[in-house]
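Examination of the molecular architecture
So you can see what is in the structure, the chains are spelled out below.
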Amino acid sequence: MTDPLPNVHVRAEILTQALPHMQRYDQQIVVIKYGGHAMGDPAAAEDFAEDIVLLEQSGLKPIVVHGGGPQIGKMLARLGIESEFRGGLRVTDEATVEVVEMVLAGSINKQIVGWIAAEGGRAIGLCGKDGNMVRAKRAMRTIKDPDSNIEQAIDLGLVGEPEHVERGVLDAVLKAELIPVLAPVAYGEDGKTYNVNADTFAGAIAGALRAKRLLLLTDVPGVLDKDKNLIQELSVEDCRRLIADGTITGGMIPKVETCIYAIEQGVEAVVILNGKVAHAALLELFTDFGAGTLIRRT
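First things first, this report covers the structure right here in the doc.

What counts, and at which threshold
- Residues numbered from 1 in each chain as written.
- Predicted model: local features only at pLDDT ≥ 70, side-chain atom pairs only at ≥ 80, totals over all residues.
- Heavy atoms only, no water.
- Helix = DSSP H or I, 4+ residues; strand = E, 2+ residues; numbered from the N terminus.
- Buried < 20%, exposed > 50% of the residue type's maximum accessible area, 1.4 Å probe, protein only.
- Contact = heavy atoms within 4.5 Å.
- Pairing = 2+ DSSP bridges.
- Core = buried A, V, L, I, M, F, W, Y, C linked by side-chain atoms within 4.5 Å.

With respect to the helices and strands, H21 occurs in helix α1 (residues 5-25). The buried category is assigned to H21, whose relative accessible area is 6%. The residues touching H21, leaving out its near neighbours within four places in the chain, are L285, F286, T287 and D288.

Moving on, we get to the pairing of strand β10 (residues 193-196). Judged by which residues are buried, β10 turns out to be covered on both faces: T193 and N195 on one side and Y194 and V196 on the other are all buried. As defined by bridge partners, strand β7 (residues 151-165) adjoins β10 across two bridges and the pair is classed as parallel. Pairing of G160 across the sheet is with V196, part of β10. Where strand β9 (residues 185-188) lies against β10, three bridges are found, and the strand directions are antiparallel. Across the sheet, residue A186 finds its bridge partner in β10, namely Y194.

Among the nonpolar cores identified, the biggest contains 44 residues, and V31, L182, I205 and L214 are the most heavily contacted of them. At six residues, helix α8 (residues 252-264) tops the list of elements feeding residues into this core. Setting aside residues up to four positions removed in sequence, I205 forms contacts with V31, I63, M133, V134, V165, L170 and L182. Counting residues in each nonpolar core, the second largest holds 40 residues, with L60, L217, V271 and A281 among its members.

Written as structure tokens, this is what we have:
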């Protein structure tokens, strides 16, 4: 019969190594953005829920912000609603925003709450509308005309950006030792419902609460250099330089800009990491081995 003690000792050693990390984050707020692509695997979803419950039980105050782009696309297709794209970005009209709210604040939000409950956690599903937590403003984007190279403004409809975060609702939820699970849907001053990018929403929440960490779980390892190798740590200045020289491109630009915004609002550090890696949040927060790209002020 195999002696189980060596394996037990290894596990005990891992726990003792995690102790200083747990002490560092004790009673600290950590905002975790869970991407729509990262949540596609049921086994990974179970790992994520376990991580969130363990973080809360270890003394942290986790706040989950989730996306759901792929799920929204599938539901629009099922309902026969065709999307218009301008500059590669989806225009959100009245019909589309109804589906966005149904999917994000409805099915996905409650699914994540259920996953956490299944692992023994106590979560509550909310969106930016609840308690006027987040007020949004209409987002405007620009694209370059390929012929004239002139920047042109494009209207994306009911796509919003966070304008104000009322932290009182989240403070009350955290005081009750509940885990907030937030859908990025918010009211504007015009009374309309806005679809907000989940990364931007998470950055605004983290900044308003002066979170210790913001983790952006996505489907890529982190920020890559021009040779496609992972960059493990960056300063805000490094980020701006890599955007300017074309190293950071495409969809990674708004993610990194969200990181810069959050840090300038008082978040200690932000990490972009692959949410498909098993227990990615635990690896990042409770071990010496980083799981993605860490971005700090300096």
